[in-house]
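# Structural description and commentary
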Amino acid sequence: EAGVTQFPSHSVIEKGQTVTLRCDPISGHDNLYWYRRVMGKEIKFLLHFVKESKQDESGMPNNRFLAERTGGTYSTLKVQPAELEDSGVYFCASSRILAGGQETQYFGPGTRLLVL
Amino acid sequence: GQQLNQSPQSMFIQEGEDVSMNCTSSSIFNTWLWYKQDPGEGPVLLIALYKAGELTSNGRLTAQFGITRKDSFLNISASIPSDVGIYFCAGQTQGGSEKLVFGKGTKLTVNP
């Protein structure tokens, strides 16, 4: 079974440009999460999809960030326009919804974004 | 917002030594998790704890869910070079299909 994949692995852009990150979850996983780690700080939650619906987007920093999951499969996270403080590692994670409530979130390798 | 205070921030040890790290919070968590991140990779789950007081082992790793639900520790016994990486604690307040709240991580260096 393939793991969570993310594309691109690295992205270097200039302030004001647009970048789109993609996440392909593990097949059959209805939960999809986006997290971000800014250097030296903790990994922080951005948002949570259940299938194609946004379950929790309380961690989205501002309206320059737009996440979509059309069809409930892969997800994209677009940053437009990018600012310097958006630099960091963006992780995607996916999991199955289990009746017992226990959940294992499987993480992708991350996209390292640098805004110059 | 919810915070997990993880310590120590970094550790430098000799191969064969035991390691201990912990996380505390002012809030109650119903699930505690420990992840490890290798360079260039995403976090990988090591141990999950679902009940207060639970003590769980995974090979040389042992973790405990504090009775108060506000803390957890991770022990690594007889460290080896491949234990190098960043260890993160994480918690869920409800448990299941919910965001993870992470600590800042403990960077472990093991000298052969």
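Attention in this report is confined to the structure presented alongside it. All figures in this text were calculated on a predicted structure; none of them were measured in a lab.

Further remarks concern the packing of aromatic side chains. Within the structure shown, the criterion is met by 10 aromatic pairs over all chains. Ring geometry for Tyr35 of chain A and Phe102 of chain B: centres 5.7 Å apart, planes at 90°, overall edge-to-face. Highlighted residues: Tyr35 of chain A in strand β4 (residues 31–37) and Phe102 of chain B in strand β10 (residues 101–102), drawn from two different chains. The exposure class of Tyr35 of chain A is buried, given its relative accessible area of 0%.

The next point concerns the sheet that holds strand β8 (residues 71–76) of chain B. Residues and elements named next belong to chain B. With respect to topology, five strands assemble into an open sheet ordered β1-β3-β8-β7-β6, the strand pairing being antiparallel. Both edges of this open sheet fall to β1 (5–7) and β6 (55–58), since each of them pairs with a single strand only. Recorded for the sheet is a direction-independent mean angle of 15° between the axes of neighbouring strands. With four bridges joining them, β6 and strand β7 (residues 61–65) adopt antiparallel strand pairing. Counted as the bridge partner of Asn58 is Leu61 from β7.

Here we take up the state of the cysteines. In this structure the tally under the stated criterion is two disulfides over all chains. Shown here is the disulfide that connects Cys23 of chain A with Cys92 of chain A, its sulfur atoms set 1.8 Å apart. Taking the sign of the S-S torsion, -60° for the link of Cys23 of chain A and Cys92 of chain A, the bridge is left-handed. Of this pair, Cys23 of chain A sits in strand β3 (residues 19–24) while Cys92 of chain A sits in strand β9 (residues 88–95), placing them 69 residues apart in sequence. Overall, the relative accessible area of 0% leaves Cys23 of chain A in the buried class. On the basis of relative accessibility, which here comes to 0%, the residue Cys92 of chain A falls in the buried class. Linked covalently through their sulfurs, Cys23 of chain B and Cys89 of chain B form a disulfide whose S-S length is 1.7 Å. Linking Cys23 of chain B and Cys89 of chain B, the disulfide has an S-S dihedral of approximately -75° and is accordingly described as left-handed. Note that Cys23 of chain B is positioned in strand β3 (residues 19–24) and Cys89 of chain B in strand β9 (residues 85–92), a separation of 66 residues in sequence.

What counts as what
- Residues numbered from 1 in each chain as written.
- Chains lettered and ligands numbered in written order.
- Predicted model: local features only at pLDDT ≥ 70, side-chain atom pairs only at ≥ 80, totals over all residues.
- Heavy atoms only, no water.
- Phe/Tyr/Trp six-rings, centres within 6.5 Å; stacked < 30°, edge-to-face > 60°.
- Helix = DSSP H or I, 4+ residues; strand = E, 2+ residues; numbered from the N terminus.
- Buried < 20%, exposed > 50% of the residue type's maximum accessible area, 1.4 Å probe, protein only.
- Pairing = 2+ DSSP bridges.
- Axes fitted to C-alpha atoms, helices over the stretch in contact; angles between N-to-C directions.
- Disulfide = S-S within 2.5 Å.

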